[in-house]
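So the chains spell out like this:
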Amino acid sequence: EYDFAYQDSENFLHLYSNKGNLFWKKKLENQIIGEIKQVDLYKNGRLQMAFRTTDKFYIIDRNGNVVEPFEISIKDSDKINGISIFDYENDKNYRFLISQDNFMKMYDSRGRDVSGFSPGTLNSTILNPPVHIRIKGKDYILVQLKNGELKILNRRGKERISVDKVINFSDNNFFSFMDLFTTIDKNGDLIQVDMNGNIVKNSYGLEGKNTIEIKKGDILLHSGNTMNINGKIINLPPGRYSKPKLFNYIDMSYISITDQKERKIYLFDKEGNLVNGFPLKGIDIVDIIDADNDGKTELISQLDETSIISYEIN
């Protein structure tokens, strides 16, 4: 079954059961940067939580204990990214990549430095957490720099593909789509980079802050009050929206988005149809899973400033 975790304004990390029972809360010195991710360090199905704060990299087990030696101190910096976790062969031999300022450092599943990873000092600040993409059996690590350079590296941190043109990067990261490295830039253009480092731009007319997400061949774009899923347009009521999330669950694809001003959660299928019973009350990005293995899907979100809610979708 699935639990849920969150950090509060006093930096306590909480773990609750899917029924709302508190397992534990743990005081951290600083706020978590980026997402909490799950790993299976011992390859036995018992998962741990991996994340970083401004000054430490943690892995914590389900009982709230630090998995030694994963309370690793990290030097403070001006530009800090969430942790990147790579599992090149899907065999749970994890690589944990810390990126901040113009520097990257990689740890293995035992908390040791990966000496074979030596990208050197970059000539500009790293904007977003680096991502690992595998295309046709080859591994690529993509690093976006503040000066507009895209570094495409191999597992050792050496340049694998040279990209000559600069990109006006947004807060979006890269995905693989049709065997091309794909993102949305700050101008709202769809950017695709091929295996030779060539860049193709396509304008989607996305204005202001925009987002992209790609899962299992579905491509979701968002800007303002408009979402685009595989070319189908979803027009939303005027509002102030969270970043949408694309879920592939069993044989269905769902899109969730929250109007944070009106405190409404919307859920659509990938044909653009609003799921029956929505919108529901909530103020934040949601997660969707069958949390208690009863064959019914739960949607978990923040209800208000001090409450978490779990809705069951019949």
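Scroll up to find the structure.
The notes below deal with the structure included here.

1. Section: unusual backbone geometry
Step number 1: Here the residue pair E68 and P69 is connected by a cis peptide bond, since its omega of 5° sits within 30 degrees of zero.
Step number 2: Position of P69 relative to the elements: it lies in strand β7 (residues 66-73).
Step number 3: A positive phi angle, near 65°, is found at K92, a position not held by glycine.
Step number 4: A positive phi angle, near 55°, is found at M178, a position not held by glycine.
Step number 5: Judged by relative accessible area, which is 67%, M178 ranks as exposed.

2. What about the sheet that holds strand β11 (residues 131-135)?
Step number 1: Read across the sheet, four strands follow the order β11-β12-β13-β14 without closing on themselves; strand pairing throughout is antiparallel. Looking along the sheet, the strands with just one partner apiece sit at the ends: β11 and β14 (159-161). Averaged over all adjacent pairs, the angle separating strand axes in this sheet is 45°, with direction ignored.

3. A few points about the nonpolar core
Step number 1: By size, the foremost hydrophobic cluster in this structure holds 16 residues, and its most contacted members are L142, L150, I152, F174, F181 and V193.
Step number 2: Every element with two or more residues in this core is listed here: β11, β12 (138-144), β13 (150-153) and β17 (189-193).
Step number 3: At three residues, the largest contribution of residues to this core is made by β11.
Step number 4: Setting aside chain neighbours within four positions, we find L142 in contact with P130, V131, I133, L150, K151, I152, F174 and F181.
Step number 5: One finds V39, I59, F70 and I74 within the second-largest nonpolar core, a separate group that totals 14 residues.

4. Quick word on the pattern of salt bridges
Step number 1: Scanning all chains against the criterion turns up 17 salt bridges.
Step number 2: E149 is the partner of K151 in a salt bridge, and the nearest nitrogen-oxygen pair spans 3.1 Å.
Step number 3: E305 is paired through a salt bridge with R263; the nearest N and O atoms lie 2.6 Å apart. Of this pair, E305 sits in the loop between β28 (297-304) and β29 (307-313) while R263 sits in the loop between β24 (252-259) and β25 (264-269); the two residues are 42 residues apart in sequence, bridging distant segments of the chain.
Step number 4: Its relative accessible area of 54% is what places E305 among the exposed residues.

Definitions and limits used
- Residues numbered from 1 in each chain as written.
- Predicted model: local features only at pLDDT ≥ 70, side-chain atom pairs only at ≥ 80, totals over all residues.
- Heavy atoms only, no water.
- Helix = DSSP H or I, 4+ residues; strand = E, 2+ residues; numbered from the N terminus.
- Buried < 20%, exposed > 50% of the residue type's maximum accessible area, 1.4 Å probe, protein only.
- Pairing = 2+ DSSP bridges.
- Axes fitted to C-alpha atoms, helices over the stretch in contact; angles between N-to-C directions.
- Core = buried A, V, L, I, M, F, W, Y, C linked by side-chain atoms within 4.5 Å.
- Contact = heavy atoms within 4.5 Å.
- Salt bridge = Lys/Arg side-chain N within 4 Å of Asp/Glu carboxyl O.

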